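Residues per chain are reported as follows:
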Amino acid sequence: MLGLMQNWPLLVSKLIEHADKFHGKSEIVTLTVEGGTHRYTWSDCHVRSKKVAQALHRMGVGEGDIIGTLAWNTYRHVELWYGISGMGAVAHTINPRLFKDQLIYIANHAEDKVLFLDTSFVPIIEAVADELPNIEAYIFMTDEEHMPETTLKNVYCYETLVEAEDGNYSWPELDENLASGLCYTSGTTGNPKGVLYSHRSNFLHTLVSLGADALGATAKDVFFPVVPMFHANAWGVPYCAAAVGCKLALAGPHFDGETLQKFIEDEGVSLTAAVPTVWLALLAYLQSTGKGVGDLKRVVIGGSAAPRSMIQSFEDDYGVEVCHAWGMTETSPLGSVGVMTRETATWPKEKQLDIKCKQGRPVLGVEMEILDDDGNALPHDGKAFGHLVVRGPWVVKEYMKAEGGDIIDENGWFDTGDVSTLDELGFMQITDRSKDVIKSGGEWISSIELENAAVGHPDVAEAGVIGIFHPKWNERPLLILVLNEGATLDKDSIIKCLEKSVAKWWLPDDIITVDELPHTATGKILKMELREMYKDYKFPNA
Ligand code: AMP
């Protein structure tokens, strides 16, 4: 017997419609690309997103067309995002930090028909435009006054297009399974792969992300996603913000500690989300200036492991709760969140910190397992580590154009490429990417745990660990450090610090320093490049 409830398609346009109707006066504030601060409301955003949809129709864009955006987190990007998806086209957020060849590959692979771009990215696109045959029009996300000179053809001004429309438009009742957004994986190996989100997957992801034990956004919050919209939908924050109608704060092209601190304080930011490298910059700025974080209550850290020292500093020095989350482009991205349970909330602080360093428990809608090389489930004892697999309604089923072939096993599991443990309480801990784990004498050493332990040393700004060939053990860890300004390398002191957190046989066989570590376009340490840089390196003791 079928249920007798209404069946309304789960569309992303419902989110902004809700924000307009019931939180219409709530604000969206942006530090703009042109300079200065822009403010308007969710109602303004809704009207303009309808105007975007009208302008796209006028340009010949229809259902299923893929529209690229190369843009920072701004009000224009948000209204554009809703406008594209709402009318039935697909919003393809492109990461401007990609290497030139990857950018060309992605835009061509996706067959982007129109590209919206912030003026900061005009030189990047001018340099590759000859290799982007599908793009019929470039729309500069600015007003007439700020339109730059360009060699690009078929260029339009965003404000002129939007303002020519009247906003008298109703969102179509689409099939909820239609694609609404597209994001390519950051691809540390091989070509990036397209993850095609549906209206339904984004809607469900939003409902679960909002839970108090997930991101926990409420109408009272000022939510500031530092994480860019081109990195896994800014972890869904612009959807969540519309769904609860909170104030949304967007910092445009700014990621430096000074601007973030001022924005957080000036705008009363209560909730924010970003990768650890951003928080390193903010904490360094706070520590050097003695400034505070205003009304900030909660910070979501994900994308890479949050170091213990970072969690401790936010909580102890600034009274800010850290919510350590794990996810990936392929999981929309939320997979697990590290908030306390009734039991862990009573634990002593140090023990709680141990658990906060883990990547949290799966949220409802994401099933998780750890498997050995033969596909057998491993015990959830916090010790056994294996391949982390996930499944659920906002987990990828197939990459765009079936790149990578069949990515789901016979039980519906998607292999994340991460290696992790699961403990008795359901907390998952990433120990490595499967290709980064160091295989020493048949045992596995976690490069991430070593890196996290190294960052706990007061002289260390950033740490990368790679496996280097060793004649006896096959591979042993090499620790590569970026030191804080003015610090000099004291290997003994670093080893003493590591000994507190890892087994003796995990200790690196050597420690070296560099001025800078290579990063991927989403801020992760580029292990592949590190391995290439040190491929001829030999341990002094080998
Ligand atoms: P991306 O698709 O660029 O978001 O990258 C996803 C990958 O980032 C995951 O498969 C993990 O390897 C890594 N990652 C994400 N969140 C965390 C976290 N909290 N701790 C450690 N690694 C993480």
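Located above this text is the structure these notes cover.
Treat the numbers as computed from the prediction; the structure is a model and nothing was measured.

### What to know about the layout of surface pockets
- Roughly 1,000 Å³ of internal volume is contained in the second largest pocket.
- Lining the second largest pocket are 32 residues, with Ser309, Met310, Val455, Gly456 and His457 positioned closest to its centre.
- Listing elements by their share of the lining of the second largest pocket, those giving two or more residues are α10 (276-289), α11 (308-318), α13 (447-455), β23 (460-470) and β24 (474-483).
- Of the residues in the lining of the second largest pocket, the class split is 16 nonpolar, 10 polar and 6 charged.

### Quick word on the site of the ligand
- Residues in contact with the ligand amount to 17 residues; listed here are only the nearest, Ala325, Thr329, Gln359, Asp418 and Arg433.
- With respect to the ligand, the backbone of Gly303 contributes an N or O atom lying 3.0 Å from a nitrogen atom.
- Contact distances for the ligand include 2.7 Å between an oxygen atom and a side-chain N or O atom of Thr329.
- Broken down by element, the shell around the ligand gets its largest block of residues, 4 residues, from strand β14 (residues 321-327).

### Section: the sheet that holds strand β20 (residues 428-433)
- Pairing in this open sheet of 4 strands is antiparallel, and the strands run β17-β18-β19-β20 from one edge to the other. A single partner strand is all that each edge strand has here, and the edge strands are β17 (367-371) and β20. Pairwise comparison of adjacent strand axes, ignoring direction, gives a mean angle of 45° for this sheet.
- Both strand β19 (residues 414-422) and β20 contribute to a ladder of 5 bridges, which runs antiparallel. Its bridge partner lying in β20, Leu422 is registered against Met428.

### Brief notes about the nonpolar core
- Of all hydrophobic cores here, the largest spans 118 residues; its most connected members are Trp42, Tyr82, Phe116, Phe224, Trp279 and Phe314.
- Looking at this core element by element, the count peaks at 7 residues for helix α8 (residues 237-244).
- Beyond its immediate sequence surroundings of up to four residues, Phe314 is in contact with Trp279, Leu282, Leu283, Val299, Ile301, Gly319, Val320 and Val322.

### Some details on the sheet that holds strand β5 (residues 114-117)
- Read across the sheet, 7 strands follow the order β7-β6-β5-β3-β4-β8-β9 without closing on themselves; strand pairing throughout is mixed. On the outer flanks of this sheet lie β7 (155-157) and β9 (194-198), each paired with one strand and no other. On average, each strand axis in the sheet is inclined to that of its neighbour by 25°, with strand direction left out of account.
- The sheet strands contacting helix α3 (residues 75-86) are β3 (66-70), β4 (90-93), β5 and β8 (179-184), and the helix crosses β4 at an angle near 140°.

### Remarks on the environment of Gly382
- Of note, Gly382 is situated in the loop between β17 and β18 (386-391).
- Excluding residues that lie within four positions of it along the chain, Gly382 makes contacts with Thr421, Leu422 and Asp423.

Basis of the calculations
Residues numbered from 1 in each chain as written. Predicted model: local features only at pLDDT ≥ 70, side-chain atom pairs only at ≥ 80, totals over all residues. Heavy atoms only, no water. 1 Å grid on protein atoms, 1.4 Å probe; cavity = no way out; pocket = protein on both sides within 12 Å on 5 of 7 lines; lining within 4 Å. Points joined across faces, edges and corners; volume = space filled by probe spheres on them. Helix = DSSP H or I, 4+ residues; strand = E, 2+ residues; numbered from the N terminus. Nonpolar A, V, L, I, M, F, W, Y, C, P; charged D, E, K, R; others polar. Near = heavy atom within 4 Å. Polar contact = N/O pair within 3.5 Å; in protein donor to acceptor, adjacent residues only side chain to side chain. Pairing = 2+ DSSP bridges. Axes fitted to C-alpha atoms, helices over the stretch in contact; angles between N-to-C directions. Core = buried A, V, L, I, M, F, W, Y, C linked by side-chain atoms within 4.5 Å. Buried < 20%, exposed > 50% of the residue type's maximum accessible area, 1.4 Å probe, protein only. Contact = heavy atoms within 4.5 Å.

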